[in-house]
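Structural overview for review
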Amino acid sequence: MWLNIKSFEEYNQIYNQSETDRLKFWEHEAGTFYWRKSWDNVHSGGFEKGDIKWFEGGKLNITENALDRHLNTIGNKTAFIFEPNHPDSFRRTITYRQLYDDVCRFSNVLQEKGIQKGDRVCIYMAMTPELIISALACARIGAVHSIVFAGFSAQSLAERIQDCDAKMLITNDGLRRGDKHVPLKDISDEALKSCPTVKNVIVCQRTNRDIDWVEGRDEWWHMLIRNASKVHKAVEMDAEDPLFILYTSGSTGKPKGVLHTCGGYMVYTSYTFRNVFQVSEEDVYWCTADAGWITGHSYIIYGPLFNGATGVIFEGVPNYPDAGRFWEVVEKYRITHFYTAPTAIRALMSYDIKYVQKYDLSSLKVLGTVGEPINEEAWHWYNDHIGGGRCPIVDTWWQTETGGIMISPLAGITPTKPGFATLPLPGIFPVLMDENGKEIQGNGVSGNLCLKYPWPGIARTVWGDHERYLKTYMTSYKGYYFTGDGCRRDPEGYYRITGRVDDVLNVSGHRLGTAEIENAINEHPNIVESAVVGYPHDIKGQGIYAFMICENDPNDPVAFKKEIHNLVTKIIGPIAKPDLIQIAPGLPKTRSGKIMRRILRKVAAKEAEDMGDVSTLLDPAVVEEIKGGKAY
Ligand code: WTA
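Keep in mind it's a predicted model, so treat the numbers as computed, not measured.

1. A few points about the overall build of the protein chain
Of the regular secondary structure elements, the protein chain holds 20 helices and 30 strands. For a compact globule of 632 residues, the expected C-alpha radius of gyration is about 26 Å, and the protein chain comes in at 24 Å, within 12% of that figure. Taking the contacts inside the protein chain whose residues are at least 6 apart along the sequence as the reference set, 71% of them involve residues at least 24 apart. On the protein chain, roughly 24,200 Å² of surface is accessible, and the fraction owed to carbon and sulfur atoms is 48%. Placing the 70 positive and 79 negative side-chain charges of the protein chain at their respective mean positions leaves the two points 2 Å apart.

2. Focus: empty space enclosed by the protein
Under the criterion given, the structure shown has 1 cavity of 30 Å³ or more. By volume, the largest cavity amounts to about 40 Å³. Around the largest cavity, the lining residues are Ile147, Val148, Phe149, Phe152, Arg160, Leu246, Tyr247, Gly292 and Trp293. Classifying every residue of the lining of the largest cavity gives 7 nonpolar, 1 polar and 1 charged.

3. Section: the sheet that holds strand β24 (residues 481–489)
Ordered by their spatial adjacency, 4 strands build an open sheet running β21-β22-β24-β25, and the pairing between neighbours is antiparallel. Strands at the two margins of the open sheet, each flanked by one partner only, are β21 (430–433) and β25 (495–500). Within this sheet the neighbouring strands show an average axis-to-axis angle of 45°, counted without direction. Two elements, β24 and β25, share 5 bridges in a ladder whose sense is antiparallel. Each residue of the ladder has a partner; that of Asp485, found in β25, is Arg500.

4. Side note on the environment of Ile544
For Ile544, the position within the fold is in strand β29 (residues 541–550). Expressed as a C-alpha distance, the spacing of Ile544 and Leu505, which sit 39 residues apart in the sequence, is 8.0 Å.

5. What to know about the packing of aromatic side chains
All told, the structure shown has 47 aromatic pairs when counted by the stated rule. Taken together, a centroid distance of 4.7 Å and an interplanar angle of 25° make the contact between Trp213 and Trp220 stacked. For Trp213, a relative accessible area of 28% puts it in the partly exposed group. Residues Phe277 and Tyr285 carry aromatic rings whose centres are separated by 5.3 Å and whose planes lie at 70° to one another, so their mutual orientation is edge-to-face. For Lys630, the ring lying beneath its charged end belongs to Tyr632, and the centroid distance is 5.0 Å.

6. Quick notes on the packing of helix α6 (residues 129–141) against helix α11 (residues 294–306)
At a closest axis distance of 11 Å, the pairing of α6 and α11 adopts a crossing angle of 65°. In the crossing of α6 with α11, the sense of the turn from one axis to the other is right-handed. Residues Ile132, Ala135, Leu136 and Ala139 of α6 form the contact with α11, whose participating residues are Ile300, Ile301, Tyr302 and Leu305. Its residues assigned to classes, the contact of α6 with α11 shows 8 nonpolar, no polar and no charged.

7. A short note on a negative patch on the surface
A cluster of like negative charges, contributed by Asp163, Asp165, Asp465 and Glu467, occupies part of the molecular surface. Within the secondary structure layout, Glu467 lies in helix α16 (residues 466–474). A residue is classified by how much of its surface remains accessible, and Glu467, at 59% relative accessible area, is exposed.

8. Looking at the pattern of salt bridges
Following the criterion strictly, the structure yields 39 salt bridges and no others. Between Asp238 and Lys59 there is a salt bridge, and its shortest N-O distance comes to 3.2 Å. Taken as a pair, Asp238 in strand β13 (residues 237–238) and Lys59 in strand β3 (residues 59–60) lie far apart in primary sequence, 179 residues in all. The class of Lys59 is partly exposed, set by a relative accessible area of 24%. Of the charged contacts, one joins Lys230 and Asp101 as a salt bridge, the two residues approaching to 3.8 Å between their closest N and O atoms. You can see Lys230 sitting in the loop between α9 (221–226) and β13 and its partner Asp101 sitting in helix α5 (residues 96–112), a full 129 residues away along the chain. Accessibility expressed as a relative area gives 42% for Lys230, which makes it partly exposed. One network of salt bridges, in which partners are shared, links Glu83, Arg91, Arg325, Glu328 and Lys332.

9. Focus: the site of the ligand
For the ligand, the set of nearby residues contains 17 residues, the closest of which are Asp395, Thr396, Thr400, Asp485 and Arg511. Side-chain polar atom of Arg500 to an oxygen atom of the ligand: 2.8 Å apart, as the coordinates give it. Protein burial of the ligand: of its 520 Å² of free accessible surface, 95% is covered by the chains. Secondary structure elements with two or more residues in the shell around the ligand: α11, β20 (393–396) and β25. Residue composition of the shell around the ligand, by class: 6 nonpolar, 6 polar and 5 charged.

10. Re the environment of Met474
Residue placement: Met474 occurs in helix α16. The class of Met474 is buried, set by a relative accessible area of 4%. In the structure, Met474 is positioned 29 residues away from Val445 in sequence and 23 Å away in space, judged by C-alpha atoms. The residues touching Met474, leaving out its near neighbours within four places in the chain, are Phe47, Ile458, Tyr469, Gly479, Tyr480 and Tyr481.

11. What about the sheet that holds strand β7 (residues 144–147)?
Here 8 strands make up an open sheet; going across it, the order is β12-β11-β8-β6-β7-β14-β15-β23 and the pairing mixed. Each end of this open sheet is capped by a strand with a single partner; those strands are β12 (218–220) and β23 (461–462). Across 4 bridges, strand β6 (residues 120–124) lies against strand β8 (residues 168–172) in parallel orientation. Among the inter-strand pairings, Ile123 is bridged to a residue of β8, identified as Ile170.

12. Quick notes on unusual backbone geometry
Omega for the bond connecting Tyr320 with Pro321 falls within 30 degrees of zero, at -5°, which places this linkage in the cis form. Structurally, the position occupied by Pro321 is in the loop between β17 (310–314) and α12 (325–333). In this structure, Asn208 takes a positive phi of about 60° despite not being glycine. By the element assignment, Asn208 lies in the loop between β11 (200–204) and β12. With phi around 60°, Lys606 is a residue other than glycine that occupies positive phi space. For Lys606, the location among the structural elements is in the loop between α19 (597–604) and α20 (621–627). Assessed through its relative accessible area of 71%, Lys606 is described here as exposed.

13. Let's talk about the state of the cysteines
Within the structure shown, the criterion is met by 0 disulfides. The structure places no disulfide on Cys262, whose sulfur is separated from the nearest cysteine sulfur, that of Cys138, by 12 Å. Using a relative accessible area of 2% as the deciding quantity, one classes Cys262 as buried. The thiol of Cys450 is not disulfide-bonded; the next cysteine sulfur, from Cys487, is found 10 Å away. Accessibility expressed as a relative area gives 0% for Cys450, which makes it buried.

Thresholds, definitions, all that
Counting from 1, residues in each chain are numbered in the order their sequence is written. Per-residue local features of the predicted model are confined to residues with pLDDT of at least 70, and side-chain atom pairs are confined, for both listing and counting, to 80 or more; whole-chain, interface and lining totals are unaffected and use all residues. The side-chain values count all of the structure's non-hydrogen atoms but skip hydrogen atoms and water molecules. Strands are runs of DSSP state E lasting at least 2 residues, helices are runs of H or I lasting at least 4, and numbering of each runs from the N terminus. Just to be clear, the radius of gyration here is over C-alpha atoms, and the globule rule we use is 2.2 Å times residues to the power 0.38. Any pair of residues with heavy atoms lying within 4.5 Å of one another is described as a contacting pair. In this description, accessible areas are obtained by the Shrake-Rupley approach with a 1.4 Å probe, and a residue is regarded as covered only by the protein chains that are shown. By the counting rule applied here, Lys and Arg register as positive and Asp and Glu as negative, while His and the ends of each chain are not counted. Working definition for charges: the position is that of NZ of Lys, CZ of Arg, CG of Asp or CD of Glu. As defined here, a cavity is a set of points on a 1 Å grid over the protein atoms alone where a 1.4 Å probe fits but cannot get out. A pocket is an open set with protein on both sides within 12 Å along at least five of seven lines, and residues line them when an atom is within 4 Å of a point. Grid points are joined across faces, edges and corners, and a volume is the space filled by probe spheres set on the points. Residue type decides the class: Asp, Glu, Lys and Arg count as charged, Ala, Val, Leu, Ile, Met, Phe, Trp, Tyr, Cys and Pro as nonpolar, and the leftover types, Gly among them, as polar. One bridge is not enough; two strands pair if DSSP finds at least two bridges between them. For helices, the axis comes from a line fit to the C-alpha atoms of the stretch in contact; other axes are also lines fit to C-alpha atoms, and the angle between any two N-to-C directions lies between 0 and 180 degrees. Within 6.5 Å between ring centres, the rings of Phe, Tyr and Trp (the latter by its six-membered ring) count as paired, and their orientation is classed by plane angle as stacked under 30 degrees, edge-to-face over 60, tilted in between. Type-normalised accessible area, obtained with a 1.4 Å probe on protein chains alone, sets the label of each residue: buried when under 20%, exposed when over 50%, and partly exposed for intermediate values. The rule for a charge over a ring is simple: NZ of Lys or CZ of Arg within 6 Å of the ring centre, and within 35 degrees of the ring normal. If you view the pair so one helix is near and one far, a crossing is left-handed when the near helix is turned anticlockwise from the far one by less than a right angle, and right-handed when it is turned clockwise. By definition, no residue in a patch forms a salt bridge, and every one has over 30% relative accessible area; like charges are joined within 9 Å, nonpolar side chains (Val, Leu, Ile, Met, Phe, Trp, Tyr) within 5 Å. Between Lys or Arg on one side and Asp or Glu on the other, a salt bridge is scored when a side-chain nitrogen of the former is within 4 Å of a carboxyl oxygen of the latter. Residues are labelled near a given molecule or strand when at least one of their non-hydrogen atoms is within 4 Å of it. Polar contact is the term for a pair of N or O atoms within 3.5 Å; when the atoms are in protein, one must be able to donate a hydrogen and the other to accept it, and sequence-neighboring residues count only if both atoms are side-chain atoms. Throughout, a disulfide means two cysteine sulfur atoms within 2.5 Å of one another.

Following this line, the structure appears as structure tokens:
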């Protein structure tokens, strides 16, 4: 039987059991799936060498667990409701049977195009059912999908395709997000100029705009799928075979391709989805994320499908056509479980409450948040106005690298506390580390958040760069996985994530590396050097503040900011545009040439009075000049 925790007492009991016998715990969970052949070894390897394996020797295809297994029982149940960008556009529901048929058809298409087990396929698409069908078809034939958020620029797309040598790109002619149009095919064409490995492009029609066409390379989705058979035998995979790559930002260099594998990821996303959200048969679950991020992978696509849930695929944005859109959709589909990011809540809070009051939200049972710390004000607004004071809020802490939720209340079971992700899931063992690399014992303490033992959903490597994987996660604290987050454990033992302690920003719940943004800014011919830091931002959580030294100080800083915006949009995408720029005569550096970001963060946060010790600076005078400077 599937583990489905039903009371707080049971949670405590199972948590303790999971500690006593970790492997038995995970083996029990894995045993609930359909495996063509059972595993030889539950688990091997560890953080020291970064050679973690789960359920090795087990043979399966993850889509047989997401789709085939459900056909006889819930084949006619709705798997997805598709809600388009504009509320008046064509919407549809897709049953498990229909999804299965489409995935089989598209699997045949991919194989006919020569895609084989282990090949990488890049998906750069609008949030539509076809995106999900594409990902599942890759999984079914054993190809490794790499979904790139359709807000990234041509250059970012190209870098991601090149990094994993993708053989195929699946995209749309274009997409509409709110009132904006994004010409996905044009962007793809631009990117593919520098991607010789891509031999085929499949284009799914969405906007019907004119696009360029490369004969022999480009083909229409609807033409290919029309003739494809819906009979398809899933390719057998080993539990440790790659499932997907997802690029995410780190504190240095280019985004890294985080790799997840079939067996462990399946077990982990399914287990966490079921226990955190407590979704039952009749419920309608809506996660508002985009499938281009890990939340979409684990909690729109995989986790819900393993559990036979009904989910929503939402193409739009929270404030289009107006700020009532989320609530209109909740009323329309009688949503029971609603999972979103704090930044969306904060944005919607700033509008008139009439946008909420207009709609009947009585169907809601559980609310969730993810991606960044939720401030207490937003938590209470969410609880009172959306949840009507009766819906538990699950504040779920996790990361692209963890594969699934790690620290979170279980809905209706764990007593919640505003701003706290509360307690770890059974099988997960967080620890806080002090500056000497020692575990901090007891409660009422703060430190850097690490995990003590591997869990099935952990990323196995960084694509093509295992050294970087080891360096990023496994070397800061030997024998532990380091999350990059700071954390407080309160007197009751509840966890509160306080934010990144490295050079990663969290802007509207999106992870961005400061180095990545600096590299983009530095491409401007007038920039000598730049330094990017985060600062507190009412809606985005963190805003992007760029200090820059110019060759010639611009006469019109506002126009210059526009140039920087255009450049960053071109190189990374609009999400990385600095909110504020400041032209500086120099940057505060140590004698060894390292930029002291601590000082820049204080200036950006307008806390420059309390600057701390600046005596190690090469040129302390520069601090005064920066403090007196102006931001645009
Ligand atoms: C942050 C998103 C506080 C954290 C699933 C983490 C959070 C980073 C929470 C991972 C939360 C995520 N409370 N902070 N509930 N959830 N974070 O990889 O800093 O896009 O390290 O994964 O988001 O971001 P990623």
